[in-house]
Amino acid sequence: MIAYAGRISMPADNAGPEAQLLKGTVLIVEDESSLATILAGYFKKAGFGVTVTSNGLDAVDMARDDAVSVIVLDLGLPGIDGIEVCRRVRTFSDAYILMLTARVEEVDELIGLSVGADDYLTKPFSPRVLVARVKALLRRPRNGANHGTAGNGDSSDSAVAVGDVTIDPPARTVTRRDTSIALTKTEFDLLATLASQPGRVFTREQLMEAVWGGPAIGDDQLVDVHIGHLRKKLGAPDGSGPKIIQTVRGVGYRMEAG
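The rules we used
- Residues numbered from 1 in each chain as written.
- Predicted model: local features only at pLDDT ≥ 70, side-chain atom pairs only at ≥ 80, totals over all residues.
- Heavy atoms only, no water.
- Phe/Tyr/Trp six-rings, centres within 6.5 Å; stacked < 30°, edge-to-face > 60°.
- Buried < 20%, exposed > 50% of the residue type's maximum accessible area, 1.4 Å probe, protein only.
- Lys NZ or Arg CZ within 6 Å of the ring centre and 35° of its normal.
- Pairing = 2+ DSSP bridges.
- Helix = DSSP H or I, 4+ residues; strand = E, 2+ residues; numbered from the N terminus.
- Contact = heavy atoms within 4.5 Å.
- Axes fitted to C-alpha atoms, helices over the stretch in contact; angles between N-to-C directions.
- Right-handed = clockwise from strand over helix to strand, strands pointing away.
- Core = buried A, V, L, I, M, F, W, Y, C linked by side-chain atoms within 4.5 Å.
- Salt bridge = Lys/Arg side-chain N within 4 Å of Asp/Glu carboxyl O.

Once that is clear, we can look at the packing of aromatic side chains. Tallied over the full model, the rule gives one aromatic pair. Pairing phenylalanine 43 with phenylalanine 48 gives two aromatic rings, centres 5.6 Å apart and planes at 85°, and the pair type is edge-to-face. Take phenylalanine 43: its relative accessible area is 0%, and that puts it in the buried class. Lying across the ring of phenylalanine 92, arginine 64 places its NZ or CZ 4.0 Å from the centre.

Take a look at the structure:
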């Protein structure tokens, strides 16, 4: 068992500097020491470098390390909680953040707070599923490359307008009626995918493939929660107009000009 009051660092198993650099380091922020030990072991075995802390303030400092690619962040930390850690980290880092929560009913609230998390898991969960989700996050391209393709291999290098919403993949910006809309990486990727083919119905599985890098891993609600949050953010400033992202019952979602 790992005993840690502050922080520890663990190199990847059977992975030299080049392999570790390729996958990067996972920062595990979890105050339940037994769970942190288990997770650290799984990530090490998968070839990741691992850093562990139980302290939110330490986590913010440690996230400044350029080697940190992914942060696995427990919501219920003592002191400053995971939401506040996420807010602070997002002011200087674009590392992927996967939140852990012990209560299913917190999920909508967590996503709705728009603190910049890219994914979440509810406890209890399989460590193998967590590692798979982290690998899926790392397969997603950064800096606007190949977003909104739904797995078709084409990349968009120009702005797309759907009704009064304009999505600019290279700049990763979204505006509606000349008002800038702040989105997380996951939200942007989801919107760009829908906007790549206006009017087309995307199934949840297709959206998972395009945005999360693979099929849903035990959590069909993931797409629905992010779609709900996108709808709130895309609401017209004056509250007028229909939903630009429409539900096709029993199938999935499509983006229409409205």
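Structure's up, so let's keep going.
To continue, consider the sheet that holds strand β10 (residues 179–180). Read from one edge to the other, the open sheet built from four strands follows the order β7-β8-β9-β10, with strand pairing classed as antiparallel. With one partner strand each, in any of the chains shown, β7 (160–162) and β10 form the two edges of the open sheet. The sheet contacts of helix α7 (residues 185–195) involve β7, β8 (165–168) and β9 (173–176), and relative to β8 the element is tilted by about 110°.

Below, the discussion takes up the pairing of strand β4 (residues 68–74). A large share of β4 lies buried, amounting to seven of its seven residues. Here five bridges tie strand β2 (residues 25–29) to β4, and the two strands are oriented parallel to one another. By the bridge assignment, valine 26 is partnered in β4 with valine 70. Pairing of β4 with strand β5 (residues 96–101) involves five bridges; the strand directions are parallel. Its bridge partner being in β5, aspartate 74 is matched across the sheet by leucine 100. In this fold, the crossover linking β4 to β5 by way of helix α4 (residues 82–89) has right-handed handedness.

Soluble globular proteins tend to pack their nonpolar side chains together in the buried interior. Of all hydrophobic cores here, the largest spans 47 residues; its most connected members are Ile71, Leu73, Ile167, Leu234, Ile245 and Met255. Not counting residues within four places of it along the chain, the set of residues in contact with isoleucine 167 comprises Ser158, Ala159, Val160, Thr173, Val174, Phe188, Leu191, Ala192, Ala195 and Met255. Counting 22 residues, the second-largest nonpolar core is a separate cluster that includes Ala36, Val70, Tyr96 and Leu130.

It is worth spelling out the pattern of salt bridges at this point. Under the defined criterion, the tally for this structure stands at twelve salt bridges. Of the charged contacts in the structure, one is a salt bridge between arginine 204 and aspartate 224, with a shortest N-O distance of 2.8 Å. Pair noted here: arginine 204 is in helix α8 (residues 204–212) and aspartate 224 is in helix α9 (residues 221–234), with a separation of 20 residues, a long-range link. One salt bridge in this structure joins glutamate 256 and arginine 254, with 3.4 Å as the shortest N-O distance. Each of Glu30, Asp74 and Lys123 takes part in a single network of salt bridges with overlapping partners.

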